[in-house]
Amino acid sequence: MKNIVILISGGGSNMAAIVKVARREGWQEKWRARVAAVISNKASAGGLVFAREQGIATEVLDHKTFASREAFDEALSTAIDRFDEPGQPALVVLAGFMRILTPGFVSRYEGRLLNIHPSLLPAFPGLHTHQRALDAGCKVTGVTVHQVTADLDHGPILAQAVVPVLAADTAADLAARVLTQEHLIYPRAIADLLQK
Ligand code: GRF
């Protein structure tokens, strides 16, 4: 079994989209792959409720209870690695996980660590992407799924989707338009990887 471990910090709508597509498309039957666990650094993350309802293992690791970033990442690794199976290391999917990961963590999961970022990378890495796209006068913006490397919001691009920026858009309008695309391309990018 190829286990997928999804890391969240909030609403978890991307996580939920992945879970639903995996089920609808029968990833388990087709590729022996399943969303096995959802881990959050916040106990209040809304996505945990959905995951529990789906019978998916959940775990909360509150980063504030760790003495250092390294100690948190070490505990996170321990939680993730429980879902490795012989010859089948888990796929680690960051979905609105609002933590900067240590280089040690990133290199440990190299090639099997994915992220979604709400801009057309390499434009606008970091936070407040939608406001920055508006401020820059962009006519289009979008979302990127990429492999995670030591460089924040960089790494090989696996998928992108483009949306228009309309004249009256606020950052919230743009975020909502981009999010609908996130829910389409993240499950697709993961399916493409699993298929390989
Ligand atoms: C998404 O916009 C994602 O691109 C960004 O954080 C948001 C998470 O949303 N990194 P959700 O928790 O998946 O609903």
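Structure: see above.
Quick summary incoming for the structure in this document. In this text the structure is predicted, and so the values were computed from the model without any measurement.

Reading the values: the criteria
- Sequence order as written defines residue numbering, which begins from 1 separately in each chain.
- In view of the model being predicted, local features appear only for residues whose pLDDT reaches at least 70, and side-chain atom pairs are presented and counted only at 80 or more, with totals across whole chains, interfaces and linings using the full set of residues.
- The basis for every side-chain value is the complete set of non-hydrogen atoms in the structure, without hydrogens or water.
- Any two strands with at least two DSSP bridges between them are considered paired.
- Put simply, DSSP H or I for four residues or longer makes a helix, DSSP E for two residues or longer makes a strand, and each gets a number counted from the N terminus.
- Throughout, an axis means a line fitted to C-alpha atoms (over the contacting stretch in the case of helices), and angles, computed between N-to-C directions, take values from 0 to 180 degrees.
- Any helix carries an expected span of 1.5 Å times its number of residues minus one.
- In this scheme, a residue with accessible area under 20% of its type's maximum is buried, one over 50% is exposed, and one in between is partly exposed, where area comes from a 1.4 Å probe on protein chains only.
- Proximity is defined per residue: any heavy atom of the residue falling within 4 Å of a molecule or strand makes that residue near it.
- In protein, a polar contact requires one atom able to donate a hydrogen and another able to accept it; more generally it is a pair of N or O atoms within 3.5 Å, and residues adjacent in sequence count only if both atoms are side-chain atoms.
- Grid points spaced at 1 Å and placed over the protein atoms alone form the basis of the search, with a cavity being a set where a 1.4 Å probe fits but cannot get out and a pocket an open set showing protein on both sides within 12 Å along at least five of seven lines. Lining residues have an atom within 4 Å of a point.
- For a molecule to be placed in a cavity or pocket, more than half of its atoms must lie within 2 Å of the grid points of that cavity or pocket.
- Three classes are used: nonpolar for Ala, Val, Leu, Ile, Met, Phe, Trp, Tyr, Cys and Pro, charged for Asp, Glu, Lys and Arg, and polar for all others, with Gly counted as polar.
- For a crossover, the right-handed case is the one in which the path from the first strand over the helix to the second runs clockwise, viewed with the strands pointing away from the viewer.
- In this analysis, rings of Phe, Tyr and Trp, with Trp reduced to its six-membered ring, are considered paired at centre separations within 6.5 Å, and the interplanar angle assigns stacked below 30 degrees, edge-to-face beyond 60, and tilted for intermediate values.
- Charge-over-ring placement is defined geometrically: NZ (Lys) or CZ (Arg) within 6 Å of the ring centre, and within 35 degrees of the ring normal.

It is worth spelling out the sheet that holds strand S5 (residues 113–117) at this point. Spatial strand order, S3-S2-S1-S4-S5-S6-S7: seven strands in an open sheet with mixed pairing. Each end of this open sheet is capped by a strand with a single partner; those strands are strand S3 (57–60) and strand S7 (157–164). Each strand of the sheet is rotated relative to its neighbour by a mean of 20°, with strand direction disregarded. Where strand S6 (residues 140–147) meets S7, seven bridges bridge the pair, whose relative direction is antiparallel. Counted as the bridge partner of Val143 is Ala161 from S7.

Right, let's get into helix H1 (residues 13–24). Compared with the 16 Å implied by 1.5 Å per residue over twelve residues, the 16 Å span of H1 between its first and last C-alpha is a close match. Along H1, the residues classified as buried are Asn14, Met15, Ala16, Ala17, Ile18, Val19, Val21 and Ala22. The first or second residue beyond H1 is Gly26, which carries a positive phi of 65°.

Lining the immediate environment of the ligand, one finds Gly11, Gly12, Ser13, Asn14, Gly96, Ile116, Pro118 and Glu182. Between the ligand and Ser13 there is a distance of 2.5 Å, counted from an oxygen atom to a side-chain nitrogen or oxygen. Here an oxygen atom of the ligand sits 2.8 Å away from a polar atom, N or O, in the side chain of Glu182. Its atoms largely coinciding with the cavity grid, the ligand occupies the largest pocket. Grouping the constituent residues of the shell around the ligand by class yields two nonpolar, five polar and one charged.

Here the focus is the pairing of strand S4 (residues 91–94). Residues of S4 alternate between two faces, with Leu91 and Val93 on one and Val92 and Leu94 on the opposite face, all of them buried. Of the pairings in the sheet, the one linking S4 to S5 comprises three bridges and is parallel in character. Note that in S5 the partner of Leu94 across the bridge is Asn115. Where the polypeptide runs from S4 across helix H5 (residues 103–108) and back to S5, its parallel neighbour, the crossover connection is right-handed.

In this section: the packing of aromatic side chains. By the definition in use, this model includes three aromatic pairs. Taken together, a centroid distance of 6.1 Å and an interplanar angle of 50° make the contact between Trp27 and Trp31 tilted. With Trp27 and Trp31 both in helix H2 (residues 27–31) and four residues apart, the pair spans about one turn of that helix. Under the relative-accessibility criterion, Trp27 is labelled buried at 0%. An angle of 75° between the planes, with centres 5.6 Å apart, marks the rings of Phe66 and Phe72 as edge-to-face. Its end group placed over the ring of Trp31, Lys30 keeps NZ or CZ at 4.7 Å from the ring centre.

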